[in-house]
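# Coordinate inspection notes
Spelled out from the first residue to the last, the chains are:
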Amino acid sequence: MEKKLSIGIVGLGQFGKGFVPIFKAHPIVGRVAVCDIDKKKLETVAKEYKIQETYPDLDAICKSDLDALAIITQHWLHAPQAIQAMEAGKHVYSAVPVITPRSGRSSEIYDWCEKIIATCKKTGLKYMLGETSYFRPEVQYAMAKHAKHEFGHISLVEAEYLHDTLLPASNLIKVMMARTGLSEQEVYKLGGGVPMHYVTHSASVPVAITGAHATEVSCFGYAMPGDNYFRQDSEASNVFCNEIATFMMSDGSIGRVIEGRRVGHVGREALVRVLGTKASMEVTLKGAIWSDMKRFELVDVECRPKLPKPLGKFSGHGGSHPYLVDEFVRSIVEGHQPKTNAWEAARYAAIGAAAHDSALQGGKLVKVPDWGDAPK
Ligand SMILES: NC(=O)c1ccc[n+]([C@@H]2O[C@H](COP(=O)([O-])OP(=O)(O)OC[C@H]3O[C@@H](n4cnc5c(N)ncnc54)[C@H](O)[C@@H]3O)[C@@H](O)[C@H]2O)c1
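Residues numbered from 1 in each chain as written. Predicted model: local features only at pLDDT ≥ 70, side-chain atom pairs only at ≥ 80, totals over all residues. Heavy atoms only, no water.

Below, the discussion takes up the domain arrangement of the protein chain. Under the domain assignment used here, the protein chain contains domain 1 (5-129) and domain 2 (133-305 + 342-367). Distance between the C-alpha centres of domain 1 and domain 2: 25 Å. With 24 residues of domain 1 at the contact, the number on the domain 2 side is 23 residues. Taking both partners together, domain 1 and domain 2 bury about 1,900 Å²; carbon and sulfur atoms supply 68% of that area. The interface formed by domain 1 and domain 2 contains one salt bridge. Measuring nitrogen to oxygen at the nearest pair gives 3.2 Å for the salt bridge that ties Arg 102 to Glu 235. Across the domain 1-domain 2 interface, the total number found is seven residue pairs in polar contact (both at pLDDT 80 or more). When contributions to the side of domain 1 that touches domain 2 are tallied by element, the ones reaching two or more residues are α5 (106-123) and β6 (127-129). Examining the composition of the side of domain 1 that touches domain 2, we find that eight residues originate from one element, α5, more than from any other. (Domains from an automatic or database assignment. Contact = heavy atoms within 4.5 Å. Buried area = accessible area lost by both parts, 1.4 Å probe. Salt bridge = Lys/Arg side-chain N within 4 Å of Asp/Glu carboxyl O. Polar contact = N/O pair within 3.5 Å; in protein donor to acceptor, adjacent residues only side chain to side chain. Helix = DSSP H or I, 4+ residues; strand = E, 2+ residues; numbered from the N terminus.)

Right, let's get into the side chain of Glu 138. Relative to the helices and strands, Glu 138 resides in helix α6 (residues 137-147). Although buried, Glu 138 forms no salt bridge, and the nearest oppositely charged side chain, Arg 136, lies 4.2 Å from it. The contacts of Glu 138, once residues within four sequence positions are left out, are Ala 270, Leu 271, Met 281, Val 283 and Val 301. (Buried < 20%, exposed > 50% of the residue type's maximum accessible area, 1.4 Å probe, protein only. Lys, Arg positive; Asp, Glu negative; His and termini not counted.)

A few words on α5. Given 3.6 residues per helical turn, the α-helix brings residues three or four places apart onto the same face. Taking 1.5 Å of rise per residue, the 18 residues of α5 would be expected to cover 26 Å, and the 26 Å separating its terminal C-alpha atoms lies within 8% of that figure. Along α5, the residues classified as buried are Ser 106, Ile 109, Tyr 110, Cys 113, Ile 116, Ile 117, Thr 119 and Cys 120. On its buried side, α5 packs onto α4 (78-87), β6 and α11 (342-360). Directly after α5, the chain includes Gly 124, whose backbone phi takes a positive value near 70°. (Expected span 1.5 Å × (residues − 1).)

Attention shifts here to the pairing of strand β11 (residues 268-276). Judged by how many residues are buried, β11 sits mostly within the fold: seven of nine residues are covered. Bridge analysis of strand β7 (residues 154-162) against β11 gives eight bridges, and the strand direction is antiparallel. Note on β11: the bridge partner recorded for Ile 154 is Gly 276. As paired elements, β11 and strand β12 (residues 279-284) share three bridges and run antiparallel to each other. Counterpart to Val 274 in the pairing with β12 is Met 281. Linking two consecutive strands that pair antiparallel, namely β11 and β12, is a turn of two residues. (Pairing = 2+ DSSP bridges.)

See the structure below:
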């Protein structure tokens, strides 16, 4: 009989709790535990999903005999917690991004990527970044088209993450209040951080579609006049609410990403456009368009493989959530690197880190470090 995995979910906030039933439903997951330092959230989620095994914090769950942990805590905690869990012998699924340094310093992102890769090498355990864009249907469709050389040579991949701070459907001030426990006034005092340090949803797209990595980047920052959230005297000392980066990729193509937090737009994350020498693809809010030199057509981009039956009912971020869970679980049981492994995740994070450094220098070309391909 196939060995069943045991998994603990650490962090039961708005996002994390949605992953509990997905892990629970996966046919090769046998035992599910939950963990949160917030006693009320822990009790509520355990009761809702009928889970007996609970832990009061990461230290406690690291001492358990669980095979793997899904770390879905606040984004400035992910990297050190992932390393702590791997040091304790657990495979790790981490919510995005790898890390957002509260200092606003890009060099900390490089340091954490390096440490996570070193820990993967030392322990032989799996690390997977839960990058939703990678598993969106339009990105998977473009990847499949590129694998069949249907674009010809790709010259440009554009992606964006537009999420206005005050978006009614998902107000980032309220999200930060929930994530920090601070008042609205205190959140404004803290400031909005660095958009390019949360570049993962956009930067993952050119990396995933081309299979290449960025080599150098130029980025400009936009500062909104009178901004009371993105300010020099904020925690991250950052005035740019929107950052726009263009980068060279190792395959000769060009990537372009926009991270926008002051945008009059309903919001969007992931793929916008692929320009190839034979054909191109544009993803609009109304659907995806495939075009060659003779004609264009609206296309159905759903091409993802079938999920195990019990996972079919779950959705979230373009239906990516059950695919993320399935990929992580399978990578452990089947013994391969997850698609969004530590080396791949570092490629996403490094684009944003280097881009912000470029923006701080008025668009100066900055080299993007790379840690190579994941070992087989
Ligand atoms: N599209 C996406 O991929 C996407 C979307 C939303 C959120 N996210 C990511 O998911 C993460 C979680 O988001 P959220 O909105 O649920 O955050 P949240 O702040 O509501 O929840 C985080 C939870 O982690 C718990 N926690 C922190 N430290 C802990 C510890 N040491 N041990 C146990 N529990 C601990 C907190 O008590 C809290 O309940 C964020 O980092 C965010 O970046 C990703």
